[in-house]
Amino acid sequence: MRRFSLVAVIAAIFMSADVFACTTAIVGAGASASGKPMIWKQRDASNPENVLVYIAPSGGNYGYTAIFNYNDLKRRSAYAGANEKGFAIINNLSSNLASTDYDVSNGSIMRIALEKCASVADFERLLHETEPKTFESNFAVLDASGVAAYFE
C-alpha cells in the first residue's frame, strides 16, 4: 500500500507540471557506456513541427546542425544543436524568468552560441556579454574537450 501511495504522489506531481516543459540531463563520463559525457533533451513544445537543419559556416561563424521550428524559415531560433567545433547546447524553459523584451530570446541565444562558441568557456562569456538578458531558459552545454555545464 505504501508503494502505491508513493507512486500516486509522484505521478500527481508530474501530471500537474506544465506540459510544455522540456526535460534535460547531463550524463557524466563515468555513467555513459562510451566513457564520454553527454547532454540530452526531450522537447515539449507548443509547435510540434520541427526540422533538423545543417547551417553552413559563413562570415567567420561555425557550421552547425540544429533543431528549428518548421515555420522558422529564416532559422533565427535554434532549440538544440551541435557545431563543427564539437560544442553542443540544449535548453529547457524556465517560465518563472519570463521577460517581455525578446531582442535576444532562448532560441536566438542558442543559435548565436552555435555560430560563435567552441567551448563552455566561450558560452559563459557570451552569456555575460549579452544585454539585456531576455532569455528564459536553463542551458546545458558540452564541448569537444569533455567539459559540460548547466547554466541557470
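The model shown is predicted, which means the values in this text are computed figures rather than measured ones.

Chemist: Any details on the overall build of the protein? Residues and values, ideally.
Modeler: Per the secondary structure count, the protein includes three helices and eight strands. Ordering the α and β elements of the protein from the N terminus gives α-β-β-β-β-β-β-α-α-β-β. Among the 152 residues that make up the protein, the fraction classed as buried is 38%. Residue pairs at least 24 apart in sequence account for 53% of intrachain contacts in the protein once pairs closer than 6 positions are excluded. Of the roughly 9200 Å² that the protein leaves accessible, carbon and sulfur atoms contribute 58%.

Chemist: If you had to explain the packing of aromatic side chains to someone new, which residues and values would you point to?
Modeler: Working definition: an aromatic ring pair is given by the centre-to-centre distance plus the angle between the planes. Inspection of the entire model under this criterion finds three aromatic pairs. When the ring of Phe123 is compared with that of Phe139, the centres are 5.6 Å apart and the planes differ by 70 degrees; the resulting orientation is edge-to-face. Of this pair, Phe123 sits in helix H3 (residues 120–129) while Phe139 sits in strand E7 (residues 137–142), and the two are 16 residues apart along the sequence. A ring pair is formed by Phe123 and Phe151, whose centres lie 5.4 Å apart and whose planes are at 70 degrees; its orientation type is edge-to-face.

Chemist: Please provide a residue-by-residue account of the nonpolar core, values included.
Modeler: Ranked by internal contacts, the top residues of the largest apolar core, which has 22 residues, are Phe87, Ile89, Phe123, Phe139 and Val141. Setting aside anything within four residues of it in sequence, one finds Phe87 in contact with Gly81, Ala82, Ala113, Leu114, Cys117, Ala118, Ser119, Val120, Phe123, Val141, Leu142 and Asp143. Counting six residues, the second-largest nonpolar core is a separate cluster that includes Ala80, Ala88, Ile90 and Leu142.

Chemist: I'd like to hear about the side chain of Glu115, residue by residue, with values.
Modeler: Turning to its location among the elements, Glu115 is positioned in helix H2 (residues 106–116). Look at Glu115 and you get buried, because its relative accessible area is 14%. Discounting residues that sit within four places of it in the chain, Glu115 has contacts with Asn61, Tyr62 and Tyr64.

Chemist: Please give an account of the environment of Ser58 that cites residues and values.
Modeler: Positionally, Ser58 belongs in the loop between strand E3 (50–55) and strand E4 (64–69). Exposure remark for Ser58: the relative accessible area of 48% places this residue in the partly exposed category. Along the sequence, Ser58 and Glu115 sit 57 residues apart, while their C-alpha atoms lie 9.0 Å from each other.

Chemist: Tell me about the pattern of salt bridges, residues and numbers included.
Modeler: Side-chain pairing between opposite charges can occur once the charged atoms of the two side chains come close. Applying the stated criterion to the full structure yields two salt bridges. Arg111 is the salt-bridge partner of Glu115, the closest N and O atoms lying 3.3 Å from each other. Pair noted here: Glu115 and Arg111 are both in helix H2, with a separation of four residues, about one helical turn. What makes Arg111 buried here is its relative accessible area of 18%. Measuring nitrogen to oxygen at the nearest pair gives 2.6 Å for the salt bridge that ties Asp122 to Arg125. A residue pair is termed a helical-turn pair when its members lie 3 or 4 positions apart in one helix, as Asp122 and Arg125 do in helix H3 at three residues. Under the relative-accessibility criterion, Asp122 is labelled partly exposed at 22%.

Cut-offs used in this document
- Residues numbered from 1 in each chain as written.
- Predicted model: local features only at pLDDT ≥ 70, side-chain atom pairs only at ≥ 80, totals over all residues.
- Heavy atoms only, no water.
- Helix = DSSP H or I, 4+ residues; strand = E, 2+ residues; numbered from the N terminus.
- Buried < 20%, exposed > 50% of the residue type's maximum accessible area, 1.4 Å probe, protein only.
- Contact = heavy atoms within 4.5 Å.
- Areas by Shrake-Rupley, 256 points an atom, 1.4 Å probe, with all protein chains shown as cover.
- Phe/Tyr/Trp six-rings, centres within 6.5 Å; stacked < 30°, edge-to-face > 60°.
- Core = buried A, V, L, I, M, F, W, Y, C linked by side-chain atoms within 4.5 Å.
- Salt bridge = Lys/Arg side-chain N within 4 Å of Asp/Glu carboxyl O.

That is the geometry; function is a separate question.
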